[in-house]
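Spelled out from the first residue to the last, the chains are:
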Amino acid sequence: RPRVLSGMQPTNASLHLGNYLGALRQWATMQDEYDAFYCVVDLHAITAGHDPAQLRERTRVTAAQYIAGGVDPERSTLFVQSHVPEHPQLAWVLSCITGFGEASRMTQFKDKAARQGTEATTVGLFTYPVLQAADILLYDADMVPVGEDQRQHIELTRDIGGRFNSRFGETFVLPKAFIPEATAKIQDLQDPTVKMSKSIGGAGLIEMLEEPKVIEKRIKSAVTDSGREITVDPESKPGVTNLITILSALTMRPVGQIVQDFEGRGYGDLKKEVASAVLDTVIPFQKRVRELLDDPAQLDALLATGAEKAHDVASATLRKVYDRVGFLQPM
Ligand code: ATP
Ligand code: MG
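Residues numbered from 1 in each chain as written. Chains lettered and ligands numbered in written order. Predicted model: local features only at pLDDT ≥ 70, side-chain atom pairs only at ≥ 80, totals over all residues. Heavy atoms only, no water.

A. How the structure looks around the site of ligand 1. Taken together, 22 residues lie near ligand 1, and Asp149, Lys195, Ser197, Lys198 and Ser199 sit nearest. Between ligand 1 and Gln9, the relevant distance is 3.0 Å, taken from an oxygen atom to a main-chain nitrogen or oxygen of the residue. In the environment of ligand 1, an oxygen atom lies 2.5 Å from a nitrogen or oxygen atom belonging to the side chain of Ser199. Expressed as a share of its isolated accessible area of 600 Å², the protein-covered part of ligand 1 is 98%. Among the residues forming the shell around ligand 1, the class breakdown is 6 nonpolar, 11 polar and 5 charged. (Near = heavy atom within 4 Å. Polar contact = N/O pair within 3.5 Å; in protein donor to acceptor, adjacent residues only side chain to side chain. Areas by Shrake-Rupley, 256 points an atom, 1.4 Å probe, with all protein chains shown as cover. Nonpolar A, V, L, I, M, F, W, Y, C, P; charged D, E, K, R; others polar.)

B. How the structure looks around the UniProt feature "binding site: L-tryptophan" (unreviewed entry) in the protein. When the UniProt feature table is mapped onto this chain numbering, "binding site: L-tryptophan" (unreviewed entry) sits at Asp135. You can see Asp135 is positioned in helix H6 (residues 123–137). Taking the relative accessible area as the measure of exposure, Asp135 reaches 3% and is therefore buried. Contacts of Asp135, omitting those with residues within four sequence positions, involve Leu5, Val41, His44, Gln81 and His87. In this structure the side chain of Asp135 is engaged in a polar contact, spanning 2.8 Å, whose partner is the side chain of His44. (UniProt positions renumbered as here; feature names shortened; annotations may be inferred. Helix = DSSP H or I, 4+ residues; strand = E, 2+ residues; numbered from the N terminus. Buried < 20%, exposed > 50% of the residue type's maximum accessible area, 1.4 Å probe, protein only. Contact = heavy atoms within 4.5 Å.)

C. Quick look at the nonpolar core. If you look at the biggest cluster of nonpolar residues, it comprises 55 residues, and the most contacted ones within it are Leu17, Leu24, Tyr66, Ile206, Ile219, Leu270 and Val278. Among the elements that make up this core, the one with the highest residue count is helix H11 (residues 267–293) (11 residues). When residues no more than four places from it in sequence are discounted, the contact partners of Leu17 are Gly22, Met196, Ile206, Met208, Ile246 and Val278. The next biggest cluster of nonpolar side chains, apart from the first, holds 41 residues, and it includes Val84, Ala133, Tyr139 and Val321. (Core = buried A, V, L, I, M, F, W, Y, C linked by side-chain atoms within 4.5 Å.)

This is the structure:
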């Protein structure tokens, strides 16, 4: 079976609808066809300041959301990144064959650094795509299911992996990004020209673990436009287009069908239907998360089993890498 790997940062307690539609839901559908590895990438969550107790809690909550979103720890390898020490070990080696200019071109870094200012931006945030490359290359992943924002990082992963292979001999499988177009980019409700993002936060986010009442309110106050037509046009109607995208993804109704159904109706009607579709997904999701968090010891045990399976694969890859690079094998 071909292999997939993906992960999300536990930077917030709750995932948002973009994470769910753009990534998590795909993960669940890929479990049978692929040998799947899904990790909570906690090492990535400390690049911009964090609270230790909160991080620990958020890591558990994120794992619980993977399971609530359909990841089955029996069929997939579900683990926490920091439980497998090979991730930062490989990242160091890869950082030594990554160009400074090459890393400087990452638009995620440029955007986040611009938001934070240079002094507040860490070296860790800068090198995070190299750690991400290690996350993927360690497992010989063929496919990486992600949102559109990650395309450039997967390209970088291929570049670095390919460079290692040509310099030190065939070692890594070069992964392909898997980005289903329909849900590749869920936009912020308040500023529909930017992607919904944990690190931006605010009222433009639909958080999977938020009170249903609050979710409803946020959808009803989503920014639209001064027109009245319900049509798809990302340029002039980004807000309405985003709402149609969400409704289509959640109900599996084709976009064209939705546009037809809403002919002659107003934005209020559209928002009402979006809200009800979101709540239909979110309410059972929240119930399952609560159940899982009721027994943290069992959740931790599942993660320990996953880490063991992940470590078997990762340690074999790292051993090969260390040997190819020319590190003296310890006796
Ligand atoms: P941050 O702002 O801290 O980077 P994030 O919201 O981008 O957080 P990540 O943990 O970086 O979340 O990403 C997890 C997964 O969700 C990735 O595969 C990413 O591509 C996907 N994703 C994130 N935001 C969206 C979005 N708005 N639409 C679709 N997919 C998304
Ligand atoms: Mg991100």
